[in-house]
Amino acid sequence: MSLSILAVDDSRTMRDMINLALTTEGFEVHLAEDGEHGLEVLDDLDPDVIITDINMPRLDGFGFIDAVRLRDDTRTVPILVLTTESSNELKTRARNAGATGWIVKPFAQDKLVRALRMVAG
Amino acid sequence: MSETQDTQAPDMASSSTTEYLSFRIDENEYSVEIMSVREIRGWTRTTSLPHAPPFVRGVINLRGTVLPVVDLAVRLGLEASEPQDRNVIIVVDVGSRVMGLRVDAVSDILSFSDDQLQPPPDLTSKSRFVRALTILDDRMVRVLDLEAVLPSNEEIAA
Amino acid sequence: MSDPMQEIMASFFVECEELHESLVDALQSMADGEGDVETINVAFRAVHSIKGGAGAFGLDALVDFSHQFETVMDACRSGTLAVDDRLNELFLRCSDMLSDLIRCSRDGEAIDEATAEGLIAELATFAPQEEEAPAEEIEFQPMTLSLDDLGAPGDAPDLPPLDLPPLEDLGIAPPDEDTAPAAGGIKVVFAPDRELYESGNEPLFLIKALADLGDCRTSVALDAPTDADGLSTLGGRLTWTIEIDTEAQPSAVHEIFEFVDGLCKLQVEVLEGTTEAAAPLPDLAPPADTPAPAPAPVAEAPKPAPAPAAAPAAAPAPAKPANGEKAAKAATSAKASPTVRVDLERIERLVNLVGELVINQAMLSQSIAEENIPPNSPVTNGLDEFMQLTRNIQESVMMIRAQPVKSLFQRMSRIVRESSAAVGKSVKLVTDGETTEIDKTAIERLADPLTHMIRNAVDHGLEDAATRVERGKSEQGEIRLKAYHKSGRVLIEVSDDGGGINREKVKAKAIQNGLIPEDVTLTDTEIDQLLFLPGFSTANEVSNLSGRGVGMDVVKTQITSLGGRVTIESTPGVGTTFAISLPLTLAVLDGMVVTVASETLVIPLNAIVETLTLAVDDLKPVAAGQSVLCVRDQFVPVFDLGVELGYRDVAPVQEGTIALLLSPEEGVLVALLVDTIEDQRQVVIKGMQESYGRVPGVAAATILGDGQIALILDANDLVQNATGEDLVIKQKKVS
């Protein structure tokens, strides 16, 4: 059974890369361009994992995670944050916002998959 | 250039052959590798290009694109003749370019191996268009060097 | 098909251009003092996204530069660094550099490292102290567990005290600090905190990941809450003990627990003595060394794993039954974005097909006309509608290729910055009509001429600051770029508020260069046109900016090759405006179909001023083979098109010969003799450059209704070839 993933990133390149990396691994991938768009997609989708960027227009990653955690249907969905920083401060911030884990960009495909396995089996 | 499978001499498995389209200009037989031939068209009137070298007959409409047509007789220094309805235009790919070659008539599809080909003996200015020669059933067939036949930028600008 | 990563990379560079465009926009409005809080965020995000993608493709120079750039912008948006003029100016220069880096990375060109490093150093003076090395540090450092470690400000509620029993009680020696291969396996004691669950982590997946390291023996125990408070906050606490038969390093375990670091108690030990550790523990029996008084509730615990496969099996299937339907809907909603990206090749194909359609329709019209079907018959009416539809389709297809001139204007703002810095003038660029759309090819091919015109305006158009002040103008010069639609064409104007063209000086220079006779009388417009003459800008006045061999004549040639025209308007003391007028689309052209020496040719309608039918004595010979025609008191040189194209020899002019009065450029007239005028119609332009090469006097080709190719004339080029010199000069000498 393939996991369904929602990836939220304002960069088309990053979306393309995530899409390529995960679809070749057999995941079912859905994409959104920013937090607002991500929430819209969630109206019609129960992903097994959400991957989100932090710096985005309209609604950034922190705001998006907040909103996801406030929704009954998505309160417990694992969320992985995409970040270019590997600083502990950022990870702490991500965690405080309700993220489950993080992926440091640029990511290798196997690392991304491993991170997904760690939060979604 | 990819080579086609030998069809005429299956016993010569080690020597692969290439197919050539042969055609006539006057009484002479020339050929080009079949892989570079895109299509063969009946003669249509060309639109003359001003200040073009004499061997450039003009351009024709090849399904919406502009195709330059080279009069091979003129290009090879043979006697020029007015085009006739039974003439044909062989459309060939040369590298990234496409051109038409006006010839008298298409004659055959030939198949011979590389070791049957011989370089042309002398190198006069016109023989540079002939890449190789071969004898087939007592006829001499000339293999054209299409790169050389294509009008060069200098010739166009001249 | 091609490598998907290559495709993504290509699309990355396209995205970079878009991101850079929004960066320039944001920086420009910051520089203009129009920015708000979101503006710097937009700029930051643009650079950040470029960095992110560049990192993925290993474009180190781009990563390093955007990292430093982004760091300083981050300080600005967090308010620790105030944005002033100096910083704005630096940002703009960095944005230019970024654009260069993107281009170089894309084209595999050498990077101007010195400039990049200079800017990085300059940025560094603004940058806050970096607490860690930049993006190279991709690997997350596996940390040894310390509960204080993540106790950052604002961290979760108080963690309960560590309540694992002393290691000695577990019957295990304290772990050896050395990290030699764990030959005896690894023992993991793992007790999730409530926060672990709240963060969306799932202990089962972690244990499952451990099982990937080697065979596992797992046991679980429930800690009794120590007090009422503990009960309410924790609801009991599970402690897992997993012994893994593995040769992996303890760090591998820490990697697995990376996300829950600080959200659990974790003890990782290297076990000694393989034989002992390999001995199977009794099934289901809680390990003797488990401190928990109560046995683990069976429902909560995964099966203690006699076989390692049991642990993965215990993981609940995460898929939800309703997912299929919802996912399908989500896929639709995710696609509901206002734009689609389309491969340019597909558009080209569509453009070509529509071209075919237009030609086909022309052929059909011709056949119907030959049938002598009366007007207003159903056939002709239907055909009229068909023609209208064809034209609409054609226009719509052409609009797909159209793009706003904004990107072009942005490039020009860089030119203004660089050129004004080079000549030490303060110049402001004002743009107007950035959303005006024009064919993509035109945008690309306008960059060069516009660059030259802007440099020219900065260098020659605008006065220096002192002179401006003297004349009561503001010290800062202004250059205005404006684009708009006007009667089916696109107009692009480059204006300056400088001193205007010094016509006396221009005329004197033209005389000095032998371009016009000394005693000639010229109107202002005629003098202005002299600027476009080849050989007008001369070597003795080359400035390091706009001189250097490239004259306005080149600008004019480039514009003309796009089917456009350039005009000049200049008022002394007030300024100069160069206006470029371009056709809306480059793929079609309104032309007059004529024949000469049995060849059919198309002459662009916009070059034709009027058509005349000549009487034999209208032409006055001035030299062998050269005649002039007198049109409204002006002598106009006459060329026989058939002769100029080499289709026929010079022949005496017949009564009733048709002359087309052309104006290849402003204020210049020439008469072209043709045999007949066939039609006036829109034709589809077919390039000849790729298939054949450039033909003198010919702009392109088209396909007529009968399927024959007709050449489209380049009137200006034709006349220049015919005379061997520029027509303005010729005309001035004649008159």
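What counts as what
Residues numbered from 1 in each chain as written. Chains lettered and ligands numbered in written order. Predicted model: local features only at pLDDT ≥ 70, side-chain atom pairs only at ≥ 80, totals over all residues. Helix = DSSP H or I, 4+ residues; strand = E, 2+ residues; numbered from the N terminus. Buried ≥ 20, exposed ≤ 12 C-beta atoms within 10 Å, placed from the backbone. Contact = placed C-beta atoms within 7 Å. Pairing = 2+ DSSP bridges. Axes fitted to C-alpha atoms, helices over the stretch in contact; angles between N-to-C directions. Nonpolar A, V, L, I, M, F, W, Y, C, P; charged D, E, K, R; others polar. Parallel < 35°, antiparallel > 145°, perpendicular 65-115°, else oblique. Left-handed = near helix turned anticlockwise from the far one by under 90°. pLDDT = per-residue confidence, 0-100. Core = buried A, V, L, I, M, F, W, Y, C linked by C-beta atoms within 7 Å. Domains from an automatic or database assignment. Expected span 1.5 Å × (residues − 1). Arc of directions from axis to C-beta.

A. Molecular detail of the overall build of chain A. Assigned secondary structure in chain A consists of 5 helices and 5 strands. The N-to-C order of helical and strand elements in chain A reads β-α-β-α-β-α-β-α-β-α. Residues counted as buried form 63% of the 121 residues belonging to chain A. Counting only contacts in chain A whose residues sit at least 6 apart along the sequence, the fraction spanning at least 24 positions is 56%.

B. Just the overall build of chain B, in detail. On a plain count of helices and strands, chain B comes out with 3 helices and 10 strands. Relative to all contacts within chain B whose residues are 6 or more apart in sequence, the contacts with residues 24 or more apart total 55%.

C. Fine view of the sheet that holds strand 6 (residues 88-94) of chain B. Residue and element names in this part refer to chain B. What the 5 strands build is an open sheet, ordered 3-6-7-5-4; its pairing is mixed. The strands lining the two open edges of the sheet, one partner per strand, are strand 3 (37-42) and strand 4 (56-62). Averaged over all adjacent pairs, the angle separating strand axes in this sheet is 30°, with direction ignored.

D. Representation of unusual backbone geometry. Phi at Arg58 of chain A is positive, roughly 60°, even though this residue is not glycine. Accessibility expressed as a C-beta count within 10 Å gives 13 for Arg58 of chain A, which makes it partly exposed. The backbone of His51 of chain B shows a phi angle near 60°, a positive value even though the residue is not glycine. Inspection of the secondary structure assignment puts His51 of chain B in the loop between strand 3 and strand 4.

E. Broad picture of the interface of chain B and chain C. The interface is formed by 18 residues belonging to chain B together with 23 residues belonging to chain C. At the level of secondary structure, the elements contributing two or more residues to the side of chain B that touches chain C comprise strand 4, strand 5 (65-71), strand 7 (97-103) and helix 3 (153-157) of chain B. Sorting elements by how many residues they give to the side of chain B that touches chain C places strand 5 of chain B first, with 4 residues. Residue classes in the side of chain B that touches chain C are distributed as 9 nonpolar, 7 polar and 2 charged.

F. How the structure looks around the packing of helix 13 (residues 344-370) of chain C against helix 14 (residues 378-401) of chain C. All names here are of chain C. It is the contact of helix 13 with helix 14, at a shortest axis distance of 10 Å, that shows an interaxial angle of 160°. Between helix 13 and helix 14, the interaxial angle falls into the category roughly antiparallel. For the element pair helix 13 and helix 14, the recorded crossing hand is left-handed. Contacts from Ile347, Leu350, Val351, Val354, Leu357, Val358, Gln361, Leu364, Ser365 and Ile368 of helix 13 reach helix 14 at Val379, Thr380, Leu383, Phe386, Met387, Thr390, Ile393, Gln394, Val397, Ile400 and Arg401. Its residues assigned to classes, the contact of helix 13 with helix 14 comprises 15 nonpolar, 5 polar and 1 charged.

G. Up close: the confidence of the model for chain A. Predicted confidence across chain A gives a mean pLDDT of 84, with 96% of residues reaching 70 or more. Taken element by element, the predicted model of chain A shows its lowest mean pLDDT in helix 4 (residues 88-97) of chain A (74) and its highest in strand 1 (residues 4-8) of chain A (92).

H. Region of the structure containing the sheet that holds strand 2 (residues 28-33) of chain B. Residue and element names in this part refer to chain B. Spatial strand order, 8-1-2-10-9: 5 strands in an open sheet with mixed pairing. Each end of this open sheet is capped by a strand with a single partner; those strands are strand 8 (105-113) and strand 9 (130-136). Here the average twist between neighbouring strands, direction ignored, is 35°. Here strand 9 pairs with strand 10 (residues 139-144) via 6 bridges, running antiparallel. What sits directly across from Leu136, in strand 10, is Arg139.

I. Just the nonpolar core, in detail. Core analysis: the largest hydrophobic core is formed by 107 residues, its most contacted members being Val49 of chain A together with Ala43 and Leu210 of chain C. Inspection of this core shows a minimum of three residues originating in each of domain 1 (4-124) and domain 2 (167-314) of chain C. Other than its neighbours up to four places away in sequence, Ala43 of chain C contacts Leu23, Ala26, Leu27 and Met73 of chain C. Formed by 83 residues, the second largest nonpolar core is a distinct cluster that contains Val149 of chain B together with Leu589, Ile709 and Leu713 of chain C.

J. Spotlight on the pairing of strand 13 (residues 599-604) of chain C. Residues and elements named next belong to chain C. Across the 6 residues that make up strand 13, a large majority, 5, are buried. Of the pairings in the sheet, the one linking strand 12 (residues 588-596) to strand 13 comprises 6 bridges and is antiparallel in character. Opposite Thr595, over in strand 13, you have Thr600 as the bridge partner. Linking two consecutive strands that pair antiparallel, namely strand 12 and strand 13, is a turn of 2 residues; a positive phi of about 50° is found at Ala597 within it. As defined by bridge partners, strand 13 adjoins strand 22 (residues 709-713) across 2 bridges and the pair is classed as parallel. Looking at the pairing, Val602 lines up with Ile712 of strand 22.

K. Looking closely at helix 5 (residues 109-120) of chain A. Under the 1.5 Å per step criterion, the end-to-end length of helix 5 of chain A is 16 Å for 12 residues, consistent within 8% with the ideal 16 Å. Among all positions in helix 5 of chain A, only Leu112, Ala115, Leu116, Met118, Val119 and Ala120 of chain A are buried. Seen from one end, helix 5 of chain A has its buried residues packed into an arc of 165°, which puts them on one side. On its buried face, helix 5 of chain A is in contact with helix 1 (12-24), strand 3 (49-53), strand 4 (79-83) and strand 5 (101-104) of chain A together with helix 7 (203-211) and helix 9 (250-256) of chain C. Gly121 of chain A occupies a position one or two residues after helix 5 of chain A and carries a positive phi of about 85°.

L. Highlighting the environment of Ser95 of chain C. Residue and element names in this part refer to chain C. Counting through the fold element by element, Ser95 comes out in helix 4 (residues 85-107). The class for Ser95 is buried, based on 24 C-beta atoms found within 10 Å. When the C-alpha atoms of Ser95 and Leu23 are compared, they prove to be 7.4 Å apart, with 72 residues separating the residues in sequence. Beyond its immediate sequence surroundings of up to four residues, Ser95 is in contact with Leu23, Val24 and Leu27.

M. Looking closely at the packing of helix 3 (residues 60-77) of chain C against helix 5 (residues 113-124) of chain C. Residues and elements named next belong to chain C. One way to put it is that helix 3 packs onto helix 5 with a least axis distance of 9 Å and a crossing angle of 25°. Comparing their axes, helix 5 and helix 3 come out roughly parallel. The two elements helix 3 and helix 5 meet at a crossing, and its hand is left-handed. Across from Ala61, Asp64, Phe65, Gln68, Phe69 and Val72 in helix 3, the residues of helix 5 making contact are Ala116, Ile120, Leu123 and Ala124. Of the residues contributing to the contact of helix 3 with helix 5, the split by class is 8 nonpolar, 1 polar and 1 charged.

N. Highlighting the confidence of the model for chain B. Residues and elements named next belong to chain B. Overall, the prediction assigns chain B a mean pLDDT of 83, with 86% of residues at 70 or greater. Highest mean pLDDT in chain B belongs to strand 6 (93); lowest belongs to helix 3 (74). Here residues 1-14 is a poorly scored stretch, pLDDT under 50, and it has 12 contacts once near neighbours within four places are set aside; other chains count. Both confidence scores are given for the complex: pTM 0.49, ipTM 0.82.

O. Representation of helix 15 (residues 406-423) of chain C within the structure. Residues and elements named next belong to chain C. In this model, helix 15 (18 residues) spans 26 Å end to end at C-alpha, consistent with the 26 Å of a helix rising 1.5 Å per residue. Regarding helix 15, the residues found buried are Leu408, Phe409, Gln410, Met412, Ser413, Val416, Ser419 and Ser420. Buried residues belonging to helix 15 abut helix 1 (4-31), strand 6 (427-432), helix 16 (440-461) and strand 8 (477-486). Two residues or fewer past helix 15, Gly424 is found with a positive phi of approximately 70°.

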